[in-house]
Amino acid sequence: MCVCSRFAKTTASIALAGCLLSWHTASHALDLLDGDFQLHGFASLTLVSTTDNNLFGQSDNQISKDFSEVGVNASWRLTPALQLSGGLLSRRAGGTDDGGVRLDYGLLDWAPMSSEGGRAGIRMGRIKTAYGLYNTTRDVPFTRPSIILPQSIYFERTRNLTVSADGAEVYVERFGEGGTLSASFAYGQPQTDTEAAKVPLVGLDRPGKLDSKLAPDLQILYEGAGNSYRLAFTALRLDLKYQPGYRDILQAGRFRLTPLIFSAQYNAENWSLTSEYALRRTSISDFGPYFYNGTFNGQSYYVQGTYRLTPQWEALLRYDAFYADQNDRDGKDFAAATRLPGFTRFAKDWTVGLRFDVTPQFMLRAEAHFVDGTGFLAAQDNPNPQALRRYWDNFMLQASFRF
Amino acid sequence: MVVIAHPAIAEDSMPRATLRAILGMRLQRWPGETPVKVFVLADETPEHATFSKSVLQVFPQQLRMAWDRQVFSGQGQYPEVIASTQEMLARVASTPGAIGYVKASEVTPNVRVLKIR
């Protein structure tokens with residue numbers, strides 16, 4: 001079906017971006033009402049080629065152009081205590097995202113308490129989920145350290161569950177001499193109503209649907225000495241229920257996912273060192289005999305260094321490791337139980353990358369991944385698990401524009 | 001580099017932590033409830049780099065990343081970028097609640113200099 005509609009959506013997105021850009025060039029200012037109203041956005045296209053397996057479309061031994069991101073956001077500071085913000089996003093990502101325009105976030109931020117020592121407030125609406133250091137701006141290429149975020153923690157395939165939630169978030173910030181301490185607690189409805197959210201949990205072609213309870217999300221962040229170091233702890237709890245469809249072989253099962261993330265970053269003038277570690281407790285129950293039920297602890301971590309060679313050039317080196325079950329790191333038990341390849345249960349990814357900021361608005365990136373395991377690949381792009389290859393490389397080129 | 005503010009601002013000094021919160025676009029109000037209006041020079045100007053590193057004690061790229069994170073998640077806004085020191089002085093002098101920075105030798109009598117403690 002969707003070649004036409006996908007093409008139409010992409011064209012619409014590009015046209016939208018084009019209009020905004022030409023307006024920008026024509027008027028040279030998107031700050032209206034004395035700067036209280038601001039409009040910003042970005043557009044990005046990535047070419048992906050893999051030696052085996054598919055990532056973001058048909059990339060196996062060919063070049064996939066099915067990864068693009070276009071976003072526009074507006075914010076309006078109504079009073080010093082009140083800000084209204086909204087962001088639209090169109091994202092194409094192989095079989096997992098079709099480029100349909102959706103509300104990425106839309107919220108009212110009210111900070112009734114504010115003094116020179118700190119502030120406190122509440123955000124209401126669709127709120128970006130605080131999850132590690134990068135999640136709240138995960139689809140904005142300029143804010144990422146690399147073309148794709150470390151997949152062990154920022155999965156592309158299960159992104160919909162943690163991208164944003166509809167609800168409220170209270171936050172407190174304290175501006176101390178040594179640094180800023182922030183804490184936020186959100187309670188909201190994750191987005192589970194798409195195939196992209198359902199497939200990574202229950203697999204392809206399931207007739208049922210996935211519902212989520214309201215999910216709590218806590219983050220504590222300390223940014224020391226002018227952001228020279230940042231330490232964070234995140235705890236999230238997702239409780240999902242599967243409602244079987246007509247003639248479904250699966251029963252009414254339940255997923256409980258409780259990721260805990262520890263994050264640390266050190267920023268010197270010309271280099272940064274970042275590491276995040278996640279312990280992901282997963283409990284799968286009541287799906288019946290035709291599914292992998294059980295409770296296990298997933299483990300993820302990465303260590304990443306970036307170095308600014310010149311003000312415009314930055315190099316990246318990263319090691320990223322993902323294990324679906326830390327008591328079955330090589331996936332042997334899983335393979336014996338399911339007859340699926342054990343290497344689908346882990347992924348170890350060495351990444352090198354280069355960033356070139358041609359201008360502050362225009363960025364080019366190149367990146368290579370050398371991967372052992374397929375733990376983060378999407379079933380939509382790789383429908384037959386028996387056809388997956390354990391060792392594969394991935395090369396990407398990205399051009400991004402922002403205003 | 002010195003921090004300058006609109007002449008009607010009551011303070012004559014502020015803690016560095018508060019200045020960082022204001023330039024980080026997290027603190028939007030002066031104690032008297034006047035809205036804060038932040039003016040900066042472009043990232044690549046030597047004045048901005050010197051101000052960031054020696055007065056604010058934040059690397060300019062870290063400041064930029066902090067703004068980006070807030071703007072693209074709906075949690076904040078960018079400061080207004082001013083083209084020149086002359087314009088900085090004029091805008092700070094004429095905008096209630098304004099804060100900015102200039103070289104100490106360029107301060108004019110119609111703005112208030114804030115000491116950082």
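The model shown is predicted, which means the values in this text are computed figures rather than measured ones.

## Considering the overall build of chain B
In step 1: Looking only at helices and strands, one finds four helices and six strands in chain B.
In step 2: When its helices and strands are written in sequence order, chain B yields β-β-α-β-α-α-β-α-β-β.
In step 3: Here the C-alpha atoms of chain B give a radius of gyration of 13 Å, agreeing with the 13 Å that 2.2 N^0.38 yields for 117 residues.
In step 4: Structurally, chain B occupies a C-alpha span of about 40 × 30 × 25 Å along its principal axes.
In step 5: With 117 residues in all, chain B has 61% of them scored as buried.
In step 6: Long-range pairs, those at least 24 residues apart, make up 71% of the contacts in chain B with a sequence separation of at least 6.

## Overview of the sheet that holds strand S2 (residues 13-14) of chain B
In step 1: Read across the open sheet, the six strands follow the order S2-S6-S1-S5-S3-S4 (chain B); overall the sheet is mixed. Lying at the two open borders of the sheet, with one neighbouring strand each, are S2 and strand S4 (80-82) of chain B.

## Here's the deal with the packing of aromatic side chains
Residue and element names in this part refer to chain A.
In step 1: Tallied over the entire structure, the rule returns 20 aromatic pairs over all chains.
In step 2: One aromatic cluster in this structure is built from Tyr242, Phe255, Phe287 and Phe291.
In step 3: Over the ring of phenylalanine 142 we find arginine 402, and its NZ or CZ is 4.4 Å from the ring centre.

## Some words on the nonpolar core
All names here are of chain B.
In step 1: With 43 residues, the main nonpolar core has Leu19, Met88 and Ile99 as its most contacted residues.
In step 2: Every element with two or more residues in this core is listed here: strand S1 (2-5), helix H1 (16-23), strand S3 (37-41), helix H2 (46-56), helix H3 (60-71), helix H4 (85-94) and strand S5 (98-102).
In step 3: Per-element accounting of this core gives the leading share, five residues, to H1.
In step 4: In contact with methionine 88, not counting residues within four places along its chain, are Ile4, Phe39, Val40, Leu41, Ile82, Gly100, Tyr101 and Val102.

## Some remarks on unusual backbone geometry
Residues and elements named next belong to chain A.
In step 1: Even without being a glycine, asparagine 61 presents a positive backbone phi close to 60°.
In step 2: One non-glycine residue with positive phi stands out, namely asparagine 227, at about 65°.
In step 3: If you trace the backbone, asparagine 227 turns up in the loop between strand S9 (215-224) and strand S10 (229-236).

## Digging into the interface of chain A and chain B
In step 1: Across the boundary between the two partners, chain A contributes 51 residues, which contact 35 residues of chain B.
In step 2: In total, about 3600 Å² of surface goes out of reach between chain A and chain B, with carbon and sulfur atoms giving 45% of it.
In step 3: The largest per-residue losses of area from chain A upon contact with chain B belong to Pro80(A), Glu116(A) and Glu269(A), which jointly make up 17% of the total buried on that side.
In step 4: Taken together, the connections running from chain A to chain B amount to six salt bridges.
In step 5: Notably, a salt bridge pairs Arg26(B) with Glu173(A), separated by 4.0 Å at the nearest N-O pair.
In step 6: Here chain A is connected to chain B by 14 residue pairs in polar contact (both at pLDDT 80 or more).
In step 7: Secondary-structure elements contributing two or more residues to the side of chain A that touches chain B are strand S1 (37-50), strand S2 (64-79), strand S3 (82-93), strand S4 (97-115), strand S5 (118-128), strand S6 (164-175) and strand S7 (179-190) of chain A.
In step 8: With eight residues, S4(A) is the largest single contributor of residues to the side of chain A that touches chain B.

## What about the pairing of strand S17 (residues 362-372) of chain A?
In step 1: In this structure, strand S16 (residues 346-357) of chain A lies alongside S17(A), joined through ten bridges in antiparallel fashion. Paired with Val352(A) across the strands is Ala368(A), a residue of S17(A).

## Some words on the environment of Leu161(A)
All names here are of chain A.
In step 1: Along the polypeptide, leucine 161 turns up in helix H2 (residues 159-162).
In step 2: In this structure the C-alpha to C-alpha distance between leucine 161 and threonine 129, which are 32 residues apart in sequence, comes to 9.3 Å.
In step 3: If sequence neighbours within four positions are ignored, leucine 161 has contacts with Pro190, Gln191, Thr192, Ala197, Leu201, Leu238, Leu240 and Leu257.

## A word on the confidence of the model for chain A
Residue and element names in this part refer to chain A.
In step 1: Of the residues in chain A, 92% have a pLDDT of 70 or more, and the chain-wide mean is 91.
In step 2: This stretch, residues 1-5, has a pLDDT under 50; its non-local contacts, to residues over four places away or in other chains, come to one contact.
In step 3: For the stretch residues 22-29, pLDDT sits under 50, and the model shows six contacts to residues farther than four places along the chain or on other chains.

## What to know about H4(B)
Residues and elements named next belong to chain B.
In step 1: Looking only at H4, the buried set comprises Thr85, Met88, Leu89, Val92 and Ala93. In a view along the axis of H4, the buried residues occupy a sector of 120°, so they form one face of it. Along H4, the residues that are exposed and aim more than 90 degrees away from the buried face are Gln86 and Ser94.
In step 2: Where the residues of H4 are buried, they touch S1, S3, H2, S4 and S5.

## Here's the deal with the packing of H1(B) against H2(B)
Residues and elements named next belong to chain B.
In step 1: The contact between H1 and H2 brings their axes to 11 Å, and the two run at 145°. For the pair H1 and H2, the contacting residues are Arg16, Leu19, Arg20 and Leu23 in the first and Phe51, Ser54, Val55 and Leu56 in the second.
In step 2: For the contact of H1 with H2, the class distribution of residues is five nonpolar, one polar and two charged.

## Considering a nonpolar patch on the surface
Residue and element names in this part refer to chain A.
In step 1: A cluster of nonpolar residues, Tyr229, Leu231, Tyr266, Trp271, Leu273, Val303, Tyr307, Leu309, Trp313 and Leu354, forms a patch on the protein surface that exposes about 930 Å² of accessible area.
In step 2: Of all elements in the fold, only S10, strand S13 (271-285) and strand S14 (294-308) reach the threshold of two or more residues within the nonpolar patch.
In step 3: Residue position: tryptophan 313 is located in strand S15 (residues 313-323).

## Let's talk about H3(B)
In step 1: With twelve residues, H3(B) ought to run about 16 Å at 1.5 Å a step, and its terminal C-alpha atoms sit 17 Å apart, in line with that.
In step 2: Inspection of H3(B) places Pro60(B), Gln61(B), Gln62(B), Leu63(B), Ala66(B), Trp67(B), Asp68(B), Arg69(B), Gln70(B) and Val71(B) among the buried residues, and these make up the whole buried set.

## What to know about the pattern of salt bridges
In step 1: All chains considered together, the criterion is met by 36 salt bridges over all chains.
In step 2: Linking Arg123(A) and Glu169(A) is a salt bridge whose minimum nitrogen-to-oxygen distance equals 2.7 Å. Here the residue Arg123(A) occupies a position in strand S5, and Glu169(A) occupies one in strand S6, the gap between them amounting to 46 residues.
In step 3: Owing to a relative accessible area of 3%, Arg123(A) belongs among the buried residues under this scheme.
In step 4: Here Glu169(A) falls in the buried class, since its relative accessible area comes to 2%.
In step 5: A salt bridge links Lys37(B) to Glu80(B); the nearest nitrogen and oxygen atoms lie 3.2 Å apart. Taken together, the residues span a long stretch of sequence, with Lys37(B) in strand S3 and Glu80(B) in strand S4 at a distance of 43 residues.
In step 6: The class for Glu80(B) is buried, based on a relative accessible area of 18%.
In step 7: Sharing partners across several salt bridges, the network here consists of Arg91(A), Asp97(A), Arg102(A), Arg138(A), Asp139(A), Glu156(A) and Arg159(A).

About the cut-offs
Residues numbered from 1 in each chain as written. Chains lettered and ligands numbered in written order. Predicted model: local features only at pLDDT ≥ 70, side-chain atom pairs only at ≥ 80, totals over all residues. Heavy atoms only, no water. Helix = DSSP H or I, 4+ residues; strand = E, 2+ residues; numbered from the N terminus. Rg over C-alpha atoms; globule rule 2.2 N^0.38 Å. Buried < 20%, exposed > 50% of the residue type's maximum accessible area, 1.4 Å probe, protein only. Contact = heavy atoms within 4.5 Å. Pairing = 2+ DSSP bridges. Phe/Tyr/Trp six-rings, centres within 6.5 Å; stacked < 30°, edge-to-face > 60°. Lys NZ or Arg CZ within 6 Å of the ring centre and 35° of its normal. Core = buried A, V, L, I, M, F, W, Y, C linked by side-chain atoms within 4.5 Å. Buried area = accessible area lost by both parts, 1.4 Å probe. Salt bridge = Lys/Arg side-chain N within 4 Å of Asp/Glu carboxyl O. Polar contact = N/O pair within 3.5 Å; in protein donor to acceptor, adjacent residues only side chain to side chain. pLDDT = per-residue confidence, 0-100. Arc of directions from axis to C-beta. Axes fitted to C-alpha atoms, helices over the stretch in contact; angles between N-to-C directions. Nonpolar A, V, L, I, M, F, W, Y, C, P; charged D, E, K, R; others polar. Patch = residues over 30% accessible without salt bridge, like charges linked within 9 Å, V, L, I, M, F, W, Y side chains within 5 Å. Areas by Shrake-Rupley, 256 points an atom, 1.4 Å probe, with all protein chains shown as cover. Expected span 1.5 Å × (residues − 1).

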